[in-house]
Amino acid sequence: MTATAFDRRSKILAYLKDVRRASTRTLSHEFGVSEVTIRNDLALLERSGSLQRRHGGAEMGGALQGELSFADRRHLHAHEKQKLAQAAARLVRKGDTILLDNSTSAWQLAQLLCDKSDLRVVTNGFPIAAALAPCTGIEVVLLGGILRHETASLVGPFAPQMLASLHADCAFMGAGGLSVARGLTDADVREVEVKRAMVKAADQLVALVDASKFGREAFLTFAALDDLDTLVTDGPVGKEMCEKCADLKVRVIIA
């Protein structure tokens, strides 16, 4: 995908978030490309689960239309995420500076860190900061930004700017999907900008991905497989993924 096509498709999603539904003709006029190009864009975005095509156009659908709140997402595959968090907690060392994205898997990990000492946690998630607030041995750095009410996270340009000036030992991150071709993916442009900045700021990347995410591809990649150091999951990763991780020397931990 060219940068121009990538930017246009991101802008189509942002546009549909505002208007909810638009015709192919309207989108063609709005973005200055042919209706054939728009149809191709919409087909790709539908395959990623980002929207739903309708006769003559498209509307927001799936996770982006009725995006679950953080409180609701905590209950999805909660047992599996707890297992991932327990395995990930054993990777956190005294004196570390770690990054936690606003995923519910990272939130589960935060619940297990209070007994750690001399630890610094940097996050863009209010729920994670709140979980760590009583932990006197942990210094919490909350990234600045614009509050997303539906996810209780901070996004926008300020968070990546802060991360660009930081150095962390490890980033622990969830994902909307994981595939050999696309790596770690997620749907929201603003969240992905923060995730990409976290990947750059950390020496190591640990992905917390339950088995339900394998083979799924959300709209945007925030880390390729060769960016990954450790994959923590709760089930078989499949032959192709296993071979690719072995080739790239990615450590796989089955929780």
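As the structure is a prediction and not an experimental result, all values here were calculated from the model.

J.: Before we go on, may I ask you to explain the overall build of the protein chain in this structure?
T.: From N to C terminus, the protein chain includes eleven helices and 15 strands. Radius of gyration (C-alpha) of the protein chain: 19 Å, near the 18 Å computed for a compact globule of 255 residues. On the principal axes, the C-alpha backbone points of the protein chain span a range of 60 × 40 × 35 Å. Evaluated residue by residue, the protein chain yields a buried proportion of 48% over its 255 residues. Within the protein chain, counting contacts between residues at least 6 apart in sequence, those at least 24 apart form 60% of the total. Considering the protein chain, the positive charge centre built from 32 side chains and the negative charge centre built from 31 side chains are found 3 Å apart.

J.: Looking at this structure, how should I read the state of the cysteines?
T.: Here a disulfide denotes one covalent bond, and it connects the sulfur atoms of two cysteines. The final tally for this structure, using the stated rule, is one disulfide. Note that Cys-114 is cross-linked by a disulfide to Cys-135, the S-S spacing being 1.6 Å. With the S-S dihedral at roughly -65°, the linkage between Cys-114 and Cys-135 falls on the left-handed side. Of this pair, Cys-114 sits in the loop between α7 (104-110) and β5 (119-123) while Cys-135 sits in the loop between α8 (126-132) and β6 (138-142), and the two are 21 residues apart along the sequence. Residue classification places Cys-114 among the partly exposed residues on the basis of a relative accessible area of 39%. For Cys-135, a relative accessible area of 3% corresponds to the buried category. This cysteine, Cys-170, is not joined by any disulfide, and Cys-245 carries the nearest cysteine sulfur, 16 Å off.

J.: Would you mind showing me how to read the environment of Arg-93 here?
T.: Examined against the element boundaries, Arg-93 turns out to sit in the loop between α6 (78-89) and β4 (97-100). Separated by 143 residues in the primary sequence, Arg-93 and Pro-236 place their C-alpha atoms 27 Å from one another.

J.: What's the story with the packing of helix α2 (residues 24-31) against helix α3 (residues 35-47) in this structure? I'm lost.
T.: For any two helices packed against each other, one specifies the crossing angle of their axes together with the interaxial distance. Packing of α2 against α3 leaves a shortest axis separation of 9 Å and a crossing angle of 105°. Considering their axes alone, α2 and α3 lie roughly perpendicular with respect to each other. When α2 is examined against α3, the residues Thr-24, Arg-25, Leu-27 and Ser-28 are found in contact with a partner set consisting of Glu-35, Ile-38, Arg-39 and Leu-42. Partitioning the contact of α2 with α3 into residue classes produces three nonpolar, two polar and three charged.

J.: What is the right way to read a nonpolar patch on the surface from this model?
T.: Where nonpolar side chains cluster on the molecular surface, the patch consists of Phe-126, Leu-142 and Leu-147 and spans about 230 Å² of accessible area. Within the secondary structure layout, Phe-126 lies in helix α8.

J.: So what exactly am I meant to see when it comes to the environment of Thr-185 here?
T.: Here Thr-185 shows up in strand β11 (residues 183-186). For Thr-185 and Lys-195, which are ten residues apart along the polypeptide, the C-alpha to C-alpha distance reads 9.9 Å. If sequence neighbours within four positions are ignored, Thr-185 has contacts with Ala-175, Gly-176, Gly-177, Arg-216, Glu-217, Ala-218, Leu-220, Thr-221 and Phe-222.

J.: Looking at this model, I keep getting lost on the pairing of strand β15 (residues 251-254). Mind explaining?
T.: On a regular strand, each side chain points to the face opposite its neighbour's, so the side chains alternate between the two faces of the sheet. Pairing analysis gives four bridges linking strand β14 (residues 230-233) to β15, with the strands arranged parallel. Considered in β15, the bridge of Thr-230 is made with Arg-251. Tracing the backbone out of β14, into helix α11 (residues 239-247) and back to the parallel element β15 gives a crossover that is right-handed.

J.: Even after reading the chapter, I still don't get the sheet that holds strand β12 (residues 202-208), so can you show me in this structure?
T.: Strands pair in a sheet through their backbones, by hydrogen bonds, and they do so in one of two ways: parallel or antiparallel. The seven strands lie next to each other as β6-β5-β4-β9-β12-β14-β15, forming an open sheet whose pairing is parallel. Whereas interior strands pair on both sides, the edge strands pair on one side only; in this sheet they are β6 and β15. Mean inter-strand twist for the sheet, computed between neighbouring axes without regard to direction, equals 20°. Relative to β5, β4 runs parallel, the two sharing four bridges. When the sheet's bridge partners are listed, Ile-98 is paired in β5 with Val-121. Lying on the sheet, α6 is in contact with β9 (168-173), β12, β14 and β15; it crosses β14 at an angle near 145°. Sheet strands touched by helix α10 (residues 189-201): β4, β5, β9 and β12. Its angle to β12, the strand with the most contacts, is close to 130°.

J.: Sorry, what's going on with unusual backbone geometry here?
T.: Non-glycine residue Asp-118 carries a positive phi angle of around 55°. The topology assignment puts Asp-118 in the loop between α7 and β5.

Conventions adopted
- What you see as residue numbers is a count from 1 along each chain, following the sequence as written.
- Local features are withheld for residues below a pLDDT of 70 in this predicted model, meaning they are given only at 70 or higher, and side-chain atom pairs are given and counted only at 80 or more; totals for whole chains, interfaces and linings count all residues.
- Hydrogens and waters are ignored; side-chain quantities use all the structure's heavy atoms.
- Helix and strand assignments follow DSSP, with helices taken as H or I runs no shorter than four residues and strands as E runs no shorter than two, numbered in order from the N terminus.
- To get the radius of gyration, use the C-alpha atoms; to get the globule rule, take the number of residues to the power 0.38 and multiply by 2.2 Å.
- Buried residues are those whose accessible area, probed at 1.4 Å on protein chains only, stays under 20% of the maximum for their type, while exposed residues exceed 50% and partly exposed ones sit between those limits.
- The contact definition used throughout considers only heavy atoms, calling two residues in contact when any of these lie within 4.5 Å.
- When charges are counted, neither His nor the chain ends are considered; positive counts come from Lys and Arg and negative counts from Asp and Glu.
- Charge positions are represented by NZ for Lys, CZ for Arg, CG for Asp and CD for Glu.
- Criterion for a disulfide: a pair of cysteine sulfur atoms within 2.5 Å.
- Fitting a line to C-alpha atoms yields each axis, with helices limited to the stretch in contact; the angle taken between N-to-C directions then spans 0 to 180 degrees.
- Comment on the angle field: the value is read as roughly parallel under 35 degrees, roughly antiparallel over 145, roughly perpendicular from 65 to 115, and oblique elsewhere.
- Each residue receives one of three labels: charged for Asp, Glu, Lys and Arg, nonpolar for Ala, Val, Leu, Ile, Met, Phe, Trp, Tyr, Cys and Pro, and polar for the others, Gly being one of them.
- Like-charged residues are merged into a patch within 9 Å and nonpolar side chains (Val, Leu, Ile, Met, Phe, Trp, Tyr) within 5 Å, provided each residue has over 30% relative accessible area and no salt bridge.
- For accessible areas, the Shrake-Rupley method is used with a probe of radius 1.4 Å. Any residue's cover is judged against the shown protein chains and nothing else.
- By definition, a salt bridge exists where a carboxyl oxygen of Asp or Glu is found within 4 Å of a side-chain nitrogen of Lys or Arg.
- A pair of strands counts as paired when DSSP detects no fewer than two bridges linking them.
- Looking down the strands as they point away from the viewer, one classifies a crossover as right-handed if the path from the first strand across the helix to the second runs clockwise.

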